[in-house]
Amino acid sequence: MNINKVAVIGAGVMGAGIAAHIANAGVPVLLLDIVPKDAVNRNQIAETAVSHLLKSEPPALMHAKAAKLITAGNIEDHLPLLKDVDWVIEAIIENPDIKHALYAKLEQACRTETIISSNTSTLPLALLCQGRSDTFKQQFLITHFFNPPRYMRLLEIVTSPATNKDVVKTISQFADIQLGKGCVLCHDTPGFIANRIGTFWLQSGLLQAIALQLPITQADAIMTAFGIPKTGIFGLLDLIGLDLVPHILKSFKQLLPASDAFQALNHTPELVQRMISDGNTGRKGKGGFYRLQKRDDGKRIKEAIDLGTGEYQVAEKIKPDKNLILAALLSNNDAASQFAWQVMSETLLYSASLIPEIADDIVSVDNAMRLGYNWKYGPFELLDLMGVDLFVKRVEQEQKTIPALLAPRQPLYQTLANKPCYRDLGGQYLPVPRAEGLLVLADIKSARPPVLSNASASLWDIGDGVACLEFHSKMNTLDNDSLELIRQSISKVKTGFVALVIYNDAENFSAGANLTLLMQAIHQQNWAVVDQLIQQGQQTYHALKYSPFPVVGAPSGLALGGGCEILLHCDAIQAHAELYMGLVEVGVGLVPGWGGCKEYLSRQLGNTSRPGGAMPALAQAFENIGTAKVSKSAANAKELLYLSNADGITMNRDRLLADAKAKALSLVKNYQTPEPASFHLPGASAKAAMLMAVNNLFLAGKISDYDVEISSQLAQVLSGGACDIIDILTEQDILNLELQAFVNLVKQSGTLLRLERLLKAG
Amino acid sequence: MKNVVIAGFCRSPFTPANKGMLAKVRPDDLAAQVIKGLIHDTGVNPEHIEDLILGCAFPEGEQGLNVARIIVHLAELPITIAGTTVNRFCGSSMQAIHNAAGAIQMGAGEVFICAGVESMSRIPMGGFNPLPNPVLYQAYPQAYISMGETAENLALKYLIKREAQEQFALLSQQKAFAAQQKGLFTPEIIPIQSKYGVINIDGCLRPDSSLAGLADLQPAFLKNGSVTAGTSSPLTDGAAAVLVCSEAYADAHGLDKLARIKSIAVSGCAPEIMGIGPVAASQKVLERAGLTLADIDIVELNEAFAAQSLAVLHDLPIAAEKLNLDGGAIALGHPLGATGARITGKAASLLKREGKRYALATQCIGGGQGIATILEAI
């Protein structure tokens, strides 16, 4: 069965967000809610939700056009429309009676083969199905999305023995491939996996910090040592909303047995109660544990609550210590170390005790915490990092119970016969299950040595004659080593492979060129080095473009500056849907110098869907480079012409490498290197036109005088320099202009100032 | 010399660019409907028309390909009528009238349609492909100065305060709204048929304008400037047309004569204060008519900007009760190519409506020019 149309019932934050993400996948979706009392517009609630989606930050929609796939309606008039729907997602209030009443209506309105799921985060499936027919039970499951649905990758799936296996398969596949979700099968237990452990951890952190009187900034900073996002405990509580805390705790109190370890932590501290009654409920309220206060000079400063006094104080900025070693942190005896140990040991012990209650295996739990809470490591991966043996020893000293899973004191994960394996409850190592068709770079890396490697990049054999170029410097910035490895890879792939994919597993494809090196050259006024850096990049990317094999770029996350430029030189791109790509060089007082102006100009000039003439294409390139425009998604990158129509988009981050490899292989047969572009550009006249526009922005106070200088250098490149409109320029002509403009800018103090500012801010 | 008369005036509604009802109407179709309306309302025999002279400030895209001749066909006029597109930026369609007047006196025709059109929604100000001369831009950037900046220059030069500009703009809004309420625009407006229904009402007016509201607006062109969107004429879509013929022809064919064209003039000034253009043009045109400003009863002064209008009024002290009786471009809108025909036609019909003797229609023009026409009641 295919999912061609979806309905979401309940247009609250979650329901609307889920509908938006289904629209992001290109699937039409009905969004229904109740008819408000005395409503003139009976669709008002759902329609308002859609209009909020268009303004949401971060954007719920990948593309404004996706909103057109959402049809707003109400459950009184529009239930008959459910006849066309393949999947109905219920996302209404967490009240069993109201849900039951809705299900009774759905059972009438839907076809028997329609799949129905609930987005409940608390109610057990068994309770939800009470009183329903066997047919309904076969078609029913829980699909629990995380907020915000576009960005949080976890989808918890809960089924009952009655649930049809094909239903689970259909939903899992749709969620995996089209929605890009990581599906984790959970048992029908309270809070499922992520919130059971996540809430326990939050509560443990809250209580321990209060007990130790730890500054919350410090508490949150400590958490980052465990690969937990910098919101930590208190930032996350602010995000969730403090007013929800008592409700969540109450529901766990009722649903969990008295013997559950959670019950010991299950109470709302007096401070939190006071904050709620004062309206300090978090980001949606006046403030929370943190708040932004406007100072007299108009600047906003971050304040943090003092857990002892309940008063706000200026939040001390704590930079996470990059050299902090977990073992060292945990072995100290200061308040911070005590906090770290108490919270994490408690949480990890609890997690270990929940296998097999909440999930079949540790892999599911680790996946859930990584995808649902953005932890870098799941609890069991953390245990391996800390050393299971050491961990157990210390727990024993504290005379706490050791969960059966940890009793053998063996690592929880191991690579056996080149395959990543996990340990089951019986102590056996089994291969970590991978979804069908998945290609995991980490698996390849643990199985064989790289074909080529240096400090910044490596080349891997990913099978079927395809090589994968991986960047692995900090933030995947590009330096001499990266360029060197690209050149080596070109030689290698020529003889040993049929195609090249440029991909890495990191959160961000590449933050651009390594500016530290550039800064050093500027400080030494060593212009020859700058010149060489630019030429080397230009020549390397040029060689990549004209290599005799197809090159497919496979970016996810940020692809900025030099990272964007390398993609513009690829034959094709297979992009993750979350792609933030752009030529941002003007932000640091530069212009794209590694062929970015040339390639982007060529894309703009080749776009035949806009009015003709010399200026429109140039004006667009000038605007997008001149304002450092970054795409808000891969779909948006297509609109901006960073991607071409032929480039592919992969919704599931995990499937990106496999899709990119397939794309590369599809280009192998009859591959021809691209024809070099030639350019007809109006030269000084176009530059004058661009400068007129820039001057008006300057006069209106919208840009600074150094912006004018950068824009003027950029205009010099994009206009074609000193050429006449009847001249034909080559790619090399544009590259020379890029180099000249780049060198002109690096010699100016304004550029140095911007570079310093960026490097300081990180 | 033959007397030349204006024997008909009409226009489309003026609506705001991009968001108004005319945004989706092609300018050639728009002008053709207005011209059809003019032929119908005046009762002129189309076979006698010599030429369709059409003003347009950015004659490219849908306004390109000598759109005047294209409009001859769209308006289903006899193919014997020639067509020429003239460009004097904002003065284009007043220039069209001047061209016809000159031709008639030269004996080069008896009846002319003088029209103007601009879709500022569909053809951007500056055009699709601005390619200024780079040498001139370097040596004399004023040649390409933006209009907003020229208004700021005049505000500085004539010490025109922001409050005064806002009072002027508010008055224009009030006059236009009152005229609209009284139905004074109805006789001149040709309802425009479009795919989206009939458009028959001016859309730029802001009857809810207030001094407090105007005072809240940000400067539009200079960071610390005084000119705002509220004290500038809005980007507008619209078309206007007048029938120009010899007085003898009008008499022989029983046409309704609105006014006689007494004298015409154009002038040049510094581009960076282009808004002062009406002063020199008006002085010339008065001298040619043998009149003084005091003799003039009705004035249509195009309100490109409030600051610009106030600067002109400083040098040409025109009594408030004579000026822009039904409001000006700040309220009604300023579709560049159409404005000249509108204010000249308006001045002619006001002479008749108000029973006055002399009228002056005058405009400033981007690049540093002025244009003026004196009309005399018949």
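Cut-off values and rules
Position numbers for residues start from 1 in each chain and track the written sequence from start to end. Whichever chain is written first becomes A and whichever ligand is written first becomes 1, with later ones labelled in order. In view of the model being predicted, local features appear only for residues whose pLDDT reaches at least 70, and side-chain atom pairs are presented and counted only at 80 or more, with totals across whole chains, interfaces and linings using the full set of residues. Start and end positions for the domains come from either an automated domain assignment or a database one. Here the contact rule is simple: place C-beta atoms from the backbone, and any two residues whose C-beta atoms are within 7 Å are in contact. Only DSSP runs of H or I with at least four residues qualify as helices, and only runs of E with at least two residues qualify as strands; both kinds are numbered from the N terminus onward. Each residue is assigned to one of three groups, with Ala, Val, Leu, Ile, Met, Phe, Trp, Tyr, Cys and Pro labelled nonpolar, Asp, Glu, Lys and Arg labelled charged, and all others, Gly among them, labelled polar. Put plainly, a residue is buried at 20 or more neighbouring C-beta atoms within 10 Å of its own, exposed at 12 or fewer, and partly exposed in between, counting only other residues' C-beta atoms, which are placed from the backbone. A strand pair is defined by DSSP finding two or more bridges across the two strands. The axes are straight lines fitted to the C-alpha atoms, using for helices just the contacting stretch, and the angles between their N-to-C directions are given from 0 to 180°. Working definition: the nonpolar core is a set of buried Ala, Val, Leu, Ile, Met, Phe, Trp, Tyr and Cys residues, joined through C-beta atoms within 7 Å.

**Considerations on the domain arrangement of chain A**
All names here are of chain A. Each assigned domain of chain A is listed here: domain 1 (6-186), domain 2 (194-416), domain 3 (441-584 + 630-674) and domain 4 (684-761). Put simply, the middle of domain 1 and the middle of domain 2, counted by C-alpha atoms, are 31 Å apart. Across the contact, eleven residues belong to domain 1 and ten residues belong to domain 2. Looking at the side of domain 1 that touches domain 2, the elements that each hand over two or more residues are strand E7 (154-158) and strand E8 (182-186). Of the residues contributing to the side of domain 1 that touches domain 2, the split by class is six nonpolar, three polar and two charged.

**With respect to helix H16 (residues 379-386) of chain A**
Residue and element names in this part refer to chain A. In terms of residue burial, H16 counts as a mostly covered element, since six of its eight residues are buried. Within H16 the residues assigned to the buried category are Pro379, Phe380, Glu381, Leu382, Leu383 and Met386. Directly beyond the C-terminal end of H16, a positive phi value near 90 degrees is found at glycine 387.

**Examining the interface of chain A and chain B**
The interface is formed by 17 residues belonging to chain A together with 14 residues belonging to chain B. Of all the secondary structure elements, the ones that give two or more residues to the side of chain A that touches chain B are helix H24 (615-626) and helix H27 (684-699) of chain A. Per element, the largest residue contribution to the side of chain A that touches chain B is nine residues, and it comes from H27(A). Taken together, the residues that form the side of chain A that touches chain B break down as twelve nonpolar, four polar and one charged.

**Considering the sheet that holds strand E12 (residues 413-416) of chain A**
Residues and elements named next belong to chain A. Strand order in the open sheet formed by three strands is E12-E13-E14, with antiparallel pairing between adjacent strands. Looking at which strands have only one partner, the edges of the open sheet turn out to be E12 and strand E14 (429-431). In this sheet, neighbouring strand axes are inclined to one another by 40 degrees on average, regardless of whether the strands run parallel or antiparallel. Bridging between E12 and strand E13 (residues 419-423) involves four bridges; their strand directions are antiparallel.

**A closer look at the nonpolar core**
Counting 241 residues, the largest nonpolar core has Val29(A), Leu31(A), Leu500(A) and Val501(A) as the members making the most contacts within it. Ranked by the residues each element gives to this core, the list is headed by helix H14 (residues 335-353) of chain A, at nine residues. Core analysis: the next-biggest nonpolar cluster, separate from the first, contains 123 residues, Cys245(B), Ile276(B), Ala348(B) and Leu360(B) among them.

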